[in-house]
Amino acid sequence: MSSLSTNITFSPLDAQDFTYESKQVIDFIANYYKNIEKHSVLPTVEPGFLSTKLPNKAPYESESLEEILKDVNDIVVPGLTHWQSPNFFAYFAVNTSTAGFVGEMLCSAFNVIPFSWIASPAATELESIVTNWMGDMLKLPSEFLCSGTGGGVLQGSTCDAIVCVLAAARDQALKKLGGKYENIAKLVVYASDQTHCTAQKGAKLVGIPPSNFRIIETTKSTNFAIPPQKLRAAIEEDIKNGLTPLFLCGTIGTTSSGAVDPIEELGKISKEFDIWFHIDAAYAGAALICPEFRHYLNGVELADSITMNAHKWFLTPMDCCCMWIKQPNLLTDSLSIQPEYLRNNASESNSVIDYKDWQIALTRRFRAIKLWVVIRRYGLSNLMYHIRSDVNMAKRFETMVAGDSRFEIVVPTKFSLVCFRLKAKCESEGTNLNKKLLRDVNSSGDAYMTHAVIGGLYVIRCAIGTTLTQQHHIDNLWKLIRDKANYILCN
């Protein structure tokens, strides 16, 4: 008798099992968050640790959820870096929320793939609506919105987004140069020494020669923002040498220092030289919903595209990068694919959006429902409160650091990133001194921060933004830093 004729029942999506097991997982997650501060923020495991704890072959028979969750708790959790810990101050936070979890559950439950309108009409249209909502909160011009003449899309990351807009800018420029692909060697991309590395990676991926990536030097005198005069000089030099300026990436809230580039001035230069101007507001874009920070976006009407990561500071879990573009047709001209098996009447009517033509991959998630739930559940007022609370905690930390003569603030805090360092008697000792301080703080397990090099100085970054962080966590962090500094300076 064939093995397919057995009486064994296999029902992987049984409603009763789903209800029971989902409750188990929710209880597990709730308990994790309840006890998250008991975990060392940074794990102490060694490379390869997991292979010694798990079998080297997959199980033949099924295992119970209880067994699996026990292994998650006993084996996986101790090897995690706890990004949602209130004592996580590294990189930039990828915070989440109850509403974010609910949205993620709905996304996973429906498990649709809205690459075209017909593949899931509600998912496609909700994405257009929610990016309009987000754009409206940022007070973006109508030229960027689906309700206007532009459009918004939810990408997986800023890196995905920047590759897409670079491809659109490249193809537009090559057409102007006669359509010959070899002219790609003439195209030049501009960024600063503070711009996120995704710009350089994106340029490489779309075929821009590495020698044509211009890094504009920044200094403390401009708080590490791009100096417009240096940008202009670089552009004019490239034109003089027969090259074609292609793309400029300006940033609101750089990763290393939280710097803000002069958007309006950069936009005017871009228009003058017919350069695609992209604004990367991945981190600080969320803060721009608050009126007191919106001025950093002045001049956005001169840009061609803009991105902000809702999964960084907007209580929405990974992955959810908002991208807006003024001329969606330039994007679709570069990224559109029309195989026969994807053809349908709705798409061919040109009356709908097929988001597969706005991104690199064909497959995509129902990200819009996450952001939609978060915005509806909390509303603009609570979202602004969330941002302002983190900024206020950063200001408190900055004040405490500045009040200790042994430390210095390297760059003024604009949002929730504080860059500081322990002063050294001799500058040549500064790097090693701060490396040791950072190592001692992180190895304690009580906090986790990262570093950057700004203007040649090794600095420690305290990035506040985890959902659970409260004022007493900031006070405890400062006490930990002072205690470690005391020990280092006394020895």
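Computed from a prediction, not measured in an experiment: that's the story for all the values here.

## Considerations on the overall build of the chain
Looking only at helices and strands, one finds 14 helices and 11 strands in the chain. The principal-axis extents of the C-alpha atoms in the chain amount to approximately 80 × 75 × 45 Å. Taking all 491 residues of the chain together, 51% fall into the buried category. A fraction of 74% describes how many contacts in the chain between residues 6 or more apart in sequence connect residues 24 or more apart.

## Section: a negative patch on the surface
Taken together, the side chains of D17, E21, E63, E66, E67 and D71 define an acidic patch exposed on the protein surface. The leading source of residues in the negative patch is helix α2 (residues 65-76), at three residues. Tracing the sequence through the fold places E66 in helix α2. Given the relative accessible area of 40%, E66 is considered partly exposed.

## Description of the packing of aromatic side chains
In total, this model carries 17 aromatic pairs according to the counting rule given. Ring centres 3.8 Å apart and planes at 10 degrees place the aromatic pair F92 and Y283 in the stacked group. Within this pair, whereas F92 is found in the loop between α2 and α3 (98-110), its partner Y283 is found in the loop between β5 (276-280) and β6 (305-309), the two being separated by 191 residues in sequence. Using a relative accessible area of 5% as the deciding quantity, one classes Y283 as buried. Members of the aromatic cluster, connected to one another through ring pairs, are F92, Y283, F293, Y296, W313 and F415.

## Description of the pattern of salt bridges
In this structure the tally under the stated criterion is 21 salt bridges. For the salt bridge of K70 with D74, the shortest nitrogen-to-oxygen distance reads 2.6 Å. Taken together, the positions of K70 and D74, both in helix α2 and four residues apart, correspond to about one turn of that helix. With relative accessibility at 39%, the residue D74 sits in the partly exposed group. Of the charged contacts in the structure, one is a salt bridge between D475 and R396, with a shortest N-O distance of 2.9 Å. With D475 in helix α14 (residues 471-490) and R396 in helix α12 (residues 368-402), this residue pair connects regions lying 79 residues apart in the sequence. Note on D475: relative accessible area 24%, which makes it partly exposed.

## Structural notes on the sheet that holds strand β10 (residues 450-454)
As summarised here, the arrangement of the four strands in space is β8-β9-β11-β10, forming an open sheet in which the pairing is antiparallel. Strands with a single pairing partner mark the edges of an open sheet, and in this sheet they are β8 (407-411) and β10. On average, each strand axis in the sheet is inclined to that of its neighbour by 45 degrees, with strand direction left out of account. Helix-sheet contacts for α12 involve β8, β9 (417-422) and β11 (457-463), and the interaxial angle to β8 is about 130 degrees.

## Re the side chain of T131
When you line up the elements, T131 lands in helix α4 (residues 121-137). A relative accessible area of 0% means that T131 is categorised as buried. When neighbours within four sequence positions are excluded, T131 is seen to be in contact with L145, C146, G152, V153, L154 and W324.

## What to know about the sheet that holds β5
Reading across the sheet, the seven strands line up as β1-β7-β6-β5-β4-β2-β3 and stay open at both edges, with mixed pairing between neighbours. Strands at the two margins of the open sheet, each flanked by one partner only, are β1 (151-155) and β3 (213-216). Between one strand axis and the next, the sheet turns by 20 degrees as a mean value, whatever way the strands run. As paired strands, strand β4 (residues 244-251) and β5 are joined by five bridges and run parallel to one another. Residue pairing across strands places F247 opposite W276, the latter belonging to β5. Against the sheet, helix α5 (residues 158-176) makes contact with β1, β2 (187-192), β4, β5, β6 and β7 (321-325), and its axis sits at roughly 155 degrees relative to β4, the strand it touches most.

## Quick word on unusual backbone geometry
Look at the link from M318 to D319: it is a cis peptide, with omega at -5 degrees. As for its placement among the helices and strands, D319 is situated in the loop between α9 (310-313) and β7. A positive phi is found at N223, a non-glycine position, where the angle reads about 55 degrees. Along the chain, N223 turns up in the loop between β3 and α7 (228-240).

## Some points on the pairing of β9
Judged by how many residues are buried, β9 sits mostly within the fold: six of six residues are covered. When β8 meets β9, the two strands line up antiparallel, connected through four bridges. Bridged to V411 within β9 is C419.

## Overview of the environment of Y448
Looking at where Y448 falls in the secondary structure, it is placed in the loop between α13 (430-443) and β10. What makes Y448 buried here is its relative accessible area of 10%. Spatially, the C-alpha atom of Y448 lies 14 Å from that of K484, the residues being 36 residues apart in sequence.

## Side note on the packing of α5 against helix α6 (residues 197-205)
Geometrically, a packed helix pair is captured by the angle between its two axes and the distance between the axes. Contact geometry of α5 with α6 gives a least axis separation of 9 Å together with a crossing angle of 45 degrees. The orientation of α5 relative to α6 falls into the category oblique. Like other packed secondary-structure pairs, α5 and α6 cross with a definite hand, here right-handed. Note on element contacts: α6 touches α5 through T198, A199, K201, G202, A203 and L205, opposite T158, C159, I162, V163 and L166. Each residue belonging to the contact of α5 with α6 can be placed in one class, and the counts come to seven nonpolar, three polar and one charged.

Cut-offs used in this document
- Residues numbered from 1 in each chain as written.
- Predicted model: local features only at pLDDT ≥ 70, side-chain atom pairs only at ≥ 80, totals over all residues.
- Heavy atoms only, no water.
- Helix = DSSP H or I, 4+ residues; strand = E, 2+ residues; numbered from the N terminus.
- Buried < 20%, exposed > 50% of the residue type's maximum accessible area, 1.4 Å probe, protein only.
- Contact = heavy atoms within 4.5 Å.
- Patch = residues over 30% accessible without salt bridge, like charges linked within 9 Å, V, L, I, M, F, W, Y side chains within 5 Å.
- Areas by Shrake-Rupley, 256 points an atom, 1.4 Å probe, with all protein chains shown as cover.
- Salt bridge = Lys/Arg side-chain N within 4 Å of Asp/Glu carboxyl O.
- Lys, Arg positive; Asp, Glu negative; His and termini not counted.
- Charge placed at Lys NZ, Arg CZ, Asp CG, Glu CD.
- Phe/Tyr/Trp six-rings, centres within 6.5 Å; stacked < 30°, edge-to-face > 60°.
- Pairing = 2+ DSSP bridges.
- Axes fitted to C-alpha atoms, helices over the stretch in contact; angles between N-to-C directions.
- Parallel < 35°, antiparallel > 145°, perpendicular 65-115°, else oblique.
- Left-handed = near helix turned anticlockwise from the far one by under 90°.
- Nonpolar A, V, L, I, M, F, W, Y, C, P; charged D, E, K, R; others polar.

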